[in-house]
Amino acid sequence: MWLRDDNTYQLEFRDGTAAEHYQTRTISQEKVITALNSWAKGRPDWKDAFMWNNIGAWFENAD
C-alpha cells in the first residue's frame, strides 16, 4: 500500500508469477483498512471491493 501525493491509495498484489501482478487505486481509506484487515486474517474476499489492473507486463523479466 502506498499513499500517493494526490491523496489516493495504491494497492498491489502478486498472484504467483510476475505476469499476475495487479494494481488498484482508491480514495477510500476505509476500503483500504478493510482490505488489509481481511488480507491479514486470510479471508479470500479481501480484494473484491476493487477493480484491479494487471500490470504484469511491467515485470516481464522479473521471474
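(A) The arrangement of the nonpolar core in detail. Within the largest apolar cluster, 9 residues are counted, these being Tyr-9, Leu-11, Phe-13, Tyr-22, Val-32, Ala-35, Trp-46, Phe-50 and Trp-52. Counting residues per element, the ones that place at least two in this core are β2 (9–14) and α1 (29–40). The greatest single-element share of this core, amounting to 3 residues, is contributed by β2. What Tyr-9 contacts, discounting residues up to four positions off in sequence, is Met-1, Trp-2, Leu-3, Thr-24, Arg-25, Thr-26, Ile-27, Ser-28, Gln-29 and Val-32.

(B) The arrangement of the side chain of His-21 in detail. Its location among the elements puts His-21 in strand β3 (residues 21–26). Of the polar contacts made by the side chain of His-21, one reaches the side chain of Glu-12; its length is 2.7 Å. Beyond its immediate stretch of four places on either side in the chain, His-21 contacts Glu-12, Phe-13, Arg-14, Asn-53, Asn-54, Ile-55, Gly-56 and Phe-59.

(C) Representation of the pattern of salt bridges within the structure. One pass over the structure, following the stated rule, counts 2 salt bridges. Ionic pairing is found between Arg-25 and Asp-6, a salt bridge with its closest N-O pair at 2.6 Å. With Arg-25 in strand β3 and Asp-6 in the loop between β1 (2–3) and β2, the pair connects residues that are 19 residues apart, well separated along the chain. With a closest N to O distance of 2.9 Å, Asp-45 and Arg-43 form a salt bridge. The exposure class assigned to Asp-45 is partly exposed, which follows from its relative accessible area of 32%.

Procedures and definitions
- Residues numbered from 1 in each chain as written.
- Predicted model: local features only at pLDDT ≥ 70, side-chain atom pairs only at ≥ 80, totals over all residues.
- Heavy atoms only, no water.
- Core = buried A, V, L, I, M, F, W, Y, C linked by side-chain atoms within 4.5 Å.
- Buried < 20%, exposed > 50% of the residue type's maximum accessible area, 1.4 Å probe, protein only.
- Helix = DSSP H or I, 4+ residues; strand = E, 2+ residues; numbered from the N terminus.
- Contact = heavy atoms within 4.5 Å.
- Polar contact = N/O pair within 3.5 Å; in protein donor to acceptor, adjacent residues only side chain to side chain.
- Salt bridge = Lys/Arg side-chain N within 4 Å of Asp/Glu carboxyl O.

Read these as geometric descriptors, not functional statements.
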